[in-house]
2 protein chains.
Amino acid sequence: MSGPGPLEPVEAQQARVLAAVRVLGSESLPLGAAAGRTTAAEVRAAVPIPVFDNSAMDGYAVHAADLTAASAERPSLLPVVADLAAGTDLTPELPQGAAARIMTGAPLPPGADAIVPVEDTDGGVDRVSIRRAPVRGAHIRRAAEDLAVGDSVLAAGVRLTPARLAAAAAAGHGSLEVRRRPRVAVVATGSELVAPGAPLRPGSIHDSNSTLLAGLVVGADAELVLAERVPDDDAALIAALARARAVGVDAIVLSGGASVGAYDVARSVLEPRGIAFRRIAMQPGKPQGFGVLEGVPVFALPGNPVSVAVSFEVFVRPALRTMQGRAPFPPPVHALAAVGWRTPPERRQYAPVALEYDGPTLLARPASAGGSGSHLAGSLALADGFAVVPAERSEVRPGDELAVMLVG
Amino acid sequence: MSGPGPLEPVEAQQARVLAAVRVLGSESLPLGAAAGRTTAAEVRAAVPIPVFDNSAMDGYAVHAADLTAASAERPSLLPVVADLAAGTDLTPELPQGAAARIMTGAPLPPGADAIVPVEDTDGGVDRVSIRRAPVRGAHIRRAAEDLAVGDSVLAAGVRLTPARLAAAAAAGHGSLEVRRRPRVAVVATGSELVAPGAPLRPGSIHDSNSTLLAGLVVGADAELVLAERVPDDDAALIAALARARAVGVDAIVLSGGASVGAYDVARSVLEPRGIAFRRIAMQPGKPQGFGVLEGVPVFALPGNPVSVAVSFEVFVRPALRTMQGRAPFPPPVHALAAVGWRTPPERRQYAPVALEYDGPTLLARPASAGGSGSHLAGSLALADGFAVVPAERSEVRPGDELAVMLVG
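Residues numbered from 1 in each chain as written. Chains lettered and ligands numbered in written order. Predicted model: local features only at pLDDT ≥ 70, side-chain atom pairs only at ≥ 80, totals over all residues. Heavy atoms only, no water.

Enquirer: Just checking my understanding: could you explain the overall build of chain A for this structure?
Expert: A count of helices and strands for chain A gives seven helices and 27 strands. In terms of overall dimensions, chain A has a C-alpha envelope of 95 × 50 × 40 Å along the principal axes. Counting over 408 residues, chain A shows a buried share of 55%. A separation of at least 24 residues holds for 70% of the contacts in chain A among residues at least 6 apart in sequence. (Helix = DSSP H or I, 4+ residues; strand = E, 2+ residues; numbered from the N terminus. Buried < 20%, exposed > 50% of the residue type's maximum accessible area, 1.4 Å probe, protein only. Contact = heavy atoms within 4.5 Å.)

Put into structure tokens, the structure is as follows:
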């Protein structure tokens, strides 16, 4: 980053990042501990679904042939020879000319070939009066009709949501092989920074980047193992990096000190250690440091909080997703610009936008009422996402289609 | 729910639920512990943003009037009288005819009225050669230009995302007043249920509802305090309810045993205790129990996992959001039906759908390839949301607009 020179495309930097990170190892976890983890392998059904032929209704299991003449005017009467609850392990053969009371989910007795819903009967206990002739197979769920043993339930590389964990449970799994969570250290640099809520000294401001990065890391299903704030002092940063490596990390994310200033501690410490600092054709987030330090990917992001948030989405989140075995880029949403705005030439803009429906049309408008858009409390806190405006464009016009990265 | 009778509208049941729940109390939490909580009050800036006049660039603080003649051909030369890093607490008056080296974020020295970016200079340390005349005010961020003390930063009732927590930090807060998390017990009923991964007995199936409900509760930012599985036995359910009340809960969510069957333990135990069981005009999820038991809202959901997932989104999540002081209903997304399907008459359908963009158009298609859609592993695990089809409609046609509730 010595001198201006041409800006590098965002994709080139993303490619460098993705080439430097690898998928982490896996471990087996019980379902209750696997929420937010990523499947390390395809999950296949260990049991059929349904497990056995069963009733889809509360009613009576019957031989359909016994009831061809049943009608509301002339109900058929059958003896009730069994009472089958869900969970019963008694499945006696159903004799011809008889009915078995049966609950939803209870195993179908052998011989029965239809269920008469309780609504079509008098609900009898010893004998039942049936007012409608059932179709053969009615209201029976057949074993394996939804899923046979070995059928795919979940693909590899998917995030385990409540529904997916429940699907794995239904398919016979009590635990799953999942990717390890990336262990991440975040380090906010800047002598001007004091802890949130602490009294301000002259010239100091409150550190918001530690809070932002810690939250984004956890929201990306990674594990935050260290969060530090260090002054613009080489020795202090070197010590923080040593602490991060000592606890064991898969990535280190720094904010601040990545640009050309004399006191840019991140560049001062990291550039001699092989971390490359480049000017990327994006706004915000132009100065970016990235490299591998003793085997650990290190991201040196700019210091402005909006730049930090954008840089995280563009470079850090894809890396953390890749480490977890997921596709690197979550799909964007599409919206129409509600208003126009000017964009910087030759840099891809990531504009904080608020999203709102106008009928079925999703509209995006700048999250800050005006100004640079780089102001944290006035734009980032109100933003639902970042609208991606290509570098070739110099303005967004009302009605333009926009891809929007949702914020984490 | 004695006999068929008319179905009740979804909105009527939602209104009963929302009338029975109240906003929980609040507590003060440090920012690092407040992720996913909800603001209990509007958050206003405790400090101005920026805190003080400061430089937006690395460069030199100057008096603009000294440099009106500066140009690339005839640079102006100024003595450098100070070196101002970010975080410095020394802000000497800048004499006329002098420059101060200044880093991004460092306080502007009194008297200075413009910043010359380092790119427009020779980067001198003792004396600096300036190649461009600055405009007064250039690259200066003025104190409070983004936010004055007392300005609103976050509304009450918003979920604390990483960006919102960072905005609170930047605005001077180290802790926030947030709503208490709802304490929730989940109870899956059914004698057929065995634990995920356990060996199956004849007639038994694996319990997936405990896993599903536990995950949905946690995903709704509530606290799971108890998760139980009980057989279809009144005494067992009564004991489980007593345990829930003993640990202290704000809501109890049951699955299974809510319909008309003889072994419907939830109804058998809860109806005499004042929980009303109704048939709601929705599919899935028709049989619903809801009421308040000794001050605690109790939801008795059907037993089918897809019904559980839908019922949670339609009734339980709005209650948990209300308890946290949020708007009860998260906004749906809008999509177009990619294919058509038939829907049940006189019941609002919540159809599990997968969402995918076709260019800028969001398309919804049934998540299961066919069949009833009530099969967990084949539809719920693949669903991005539930398409809401009004009760008046008997079919969805390709291209129809659909509101889609995203799954939790």
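Enquirer: I tried to follow the interface of chain B and chain A on my own but got confused; where do I start?
Expert: Accessible area lost when the parts come together is the quantity often used to give the size of an interface. Across the contact, 68 residues belong to chain B and 68 residues belong to chain A. Roughly 5,200 Å² is buried in total at the junction of chain B and chain A, and carbon and sulfur atoms are behind 68% of that figure. At the junction of chain B and chain A, the tally comes to zero salt bridges. There are four residue pairs in polar contact (both at pLDDT 80 or more) connecting chain B and chain A. If you list the elements that add at least two residues to the side of chain B that touches chain A, you get β10 (152-154), α2 (162-170), β14 (205-206), α3 (209-219), β21 (333-337) and α7 (376-379) of chain B. The element contributing the most residues to the side of chain B that touches chain A is α2 of chain B, with eight residues. (Buried area = accessible area lost by both parts, 1.4 Å probe. Salt bridge = Lys/Arg side-chain N within 4 Å of Asp/Glu carboxyl O. Polar contact = N/O pair within 3.5 Å; in protein donor to acceptor, adjacent residues only side chain to side chain.)

Enquirer: Got a minute to help me understand the environment of T322 of chain A in this structure?
Expert: Residues and elements named next belong to chain A. Turning to its location among the elements, T322 is positioned in helix α6 (residues 305-323). For the pair T322 and A246, spaced 76 residues apart in the sequence, the C-alpha separation amounts to 24 Å. Among residues more than four places away in sequence, those in contact with T322 are L18, V21, V23 and P328. Side-chain polar atoms of T322 contact the backbone oxygen of P318, separated by 2.8 Å.

Enquirer: Which parts of the structure should I look at to understand the relation of the copies chain B and chain A?
Expert: Superposition of the two copies of the chain requires a rotation about an axis and a shift along the axis. Each copy of the sequence occupies a distinct position, and chain B is placed on chain A by a rotation of 180° and an axial shift of 0.0 Å, giving an RMSD of 0.0 Å. Both chain copies can therefore be described as sitting about a two-fold axis. Minimal C-alpha distance to the rotation axis in chain B is attained by T361 of chain B, lying at 4.9 Å. Mapped onto chain A, 100% of the interface residues of chain B again fall at the interface, so both copies present the same surface. (Least-squares fit on C-alpha atoms with pLDDT ≥ 70 in both.)

Enquirer: Can you walk me through the side chain of S71 of chain B in this structure?
Expert: All names here are of chain B. Along the chain, S71 falls in the loop between β4 (59-62) and β5 (76-84). From its side chain, S71 meets the backbone nitrogen of R74 in a polar contact 2.9 Å long. Excluding residues that lie within four positions of it along the chain, S71 makes contacts with I130 and R131.

Enquirer: Looking at this model, I keep getting lost on the sheet that holds strand β7 (residues 114-117) of chain A. Mind explaining?
Expert: Strand pairing in a sheet takes place through backbone hydrogen bonds and is either antiparallel or parallel in direction. Residue and element names in this part refer to chain A. Pairing is mixed in the open sheet, where five strands are placed in the order β7-β4-β6-β5-β8. Since the sheet does not close on itself, it has two edges, and those belong to β7 and β8 (127-130), each with one partner. The average angle at which neighbouring strand axes cross in this sheet is 40°, direction not considered. When strand β4 (residues 59-62) meets β7, the two strands line up antiparallel, connected through four bridges. Each residue of the ladder has a partner; that of A61, found in β7, is I115. (Pairing = 2+ DSSP bridges. Axes fitted to C-alpha atoms, helices over the stretch in contact; angles between N-to-C directions.)

Enquirer: Looking at this structure, how should I read unusual backbone geometry?
Expert: All names here are of chain A. Of note, the bond from Q283 into P284 is cis; its omega dihedral lies within 30 degrees of zero at 0°. Within the secondary structure layout, P284 lies in the loop between β18 (282-283) and β19 (287-293). Even without glycine at this site, H139 takes up a positive phi of about 60°.

Enquirer: Just to check I follow, could you spell out the pairing of strand β6 (residues 99-102) of chain A for this structure?
Expert: Look at any regular strand and the pattern is simple: side chains alternate between the two faces of the sheet. All names here are of chain A. Side chains A99 and R101 project from β6 onto one buried face, and the interleaved A100 and I102 project onto a second face that is buried too. As paired elements, β4 and β6 share three bridges and run antiparallel to each other. Looking across to β6, one finds that Y60 is bridged to R101.

Enquirer: Sorry if this is basic, but what is going on with the sheet that holds strand β6 (residues 99-102) of chain B here?
Expert: Residue and element names in this part refer to chain B. Strand order in this open sheet of five strands is β7-β4-β6-β5-β8, and the pairing throughout is mixed. Unpaired on one side and paired on the other, β7 (114-117) and β8 (127-130) mark the two borders of the sheet. For this sheet the average axis-to-axis angle between neighbouring strands, irrespective of direction, equals 40°. When β5 meets β6, the two strands line up parallel, connected through four bridges. Pairing of D83 across the sheet is with R101, part of β6.

Enquirer: I tried to follow the packing of aromatic side chains on my own but got confused; where do I start?
Expert: For any two aromatic rings, the description comes down to two numbers: the centre-to-centre distance and the angle of the planes. Residues and elements named next belong to chain A. Summed over the entire model, instances satisfying the criterion amount to two aromatic pairs over all chains. Ring geometry for F290 against F299: centres 4.9 Å apart, planes inclined by 50°, an arrangement best described as tilted. Like F299, F290 is buried. (Phe/Tyr/Trp six-rings, centres within 6.5 Å; stacked < 30°, edge-to-face > 60°.)

Enquirer: I keep staring at the pairing of strand β20 (residues 296-301) of chain B and nothing clicks. Help me out?
Expert: All names here are of chain B. Buried residues dominate β20, accounting for six of its six residues. Neither face of β20 is left uncovered, since the one carrying V296, V298 and A300 and the one carrying P297, F299 and L301 both have all their residues buried. One ladder, built from four bridges, connects strand β16 (residues 251-255) with β20; its direction is parallel. What sits directly across from S255, in β20, is L301. Both strand β19 (residues 287-293) and β20 contribute to a ladder of five bridges, which runs antiparallel.

Enquirer: Teacher, can you tell me more about the environment of V116 of chain B here?
Expert: Residues and elements named next belong to chain B. Along the chain, V116 falls in strand β7. Residue V116 is classed as buried on the basis of its relative accessible area, which comes to 1%. Distance from V116 to G385, taken between C-alpha atoms, is 53 Å for residues 269 residues apart in sequence. If we skip the residues at most four places from it in the chain, V116 touches D58, G59, Y60, V62, L67, T121, I130 and P134.

Enquirer: What should I look at first to understand the packing of helix α3 (residues 209-219) of chain A against α6 of chain A in this one?
Expert: When two helices pack together, you describe them by how their axes are tilted relative to each other and by the distance separating the axes. Residues and elements named next belong to chain A. The N-to-C vectors of α3 and α6 enclose an angle of 25°; their axes lie 10 Å apart at closest approach. By the angle between their directions, the pair α3 and α6 is classed as roughly parallel. By crossing handedness, the relation of α3 to α6 is classed as right-handed. In this structure, α3 uses N209, L212, L213, L216, V217 and G219 to contact α6, whose residues at the interface are P305, V308, A309, F312, E313 and R317. (Parallel < 35°, antiparallel > 145°, perpendicular 65-115°, else oblique. Left-handed = near helix turned anticlockwise from the far one by under 90°.)

Geometry only, nothing functional implied.
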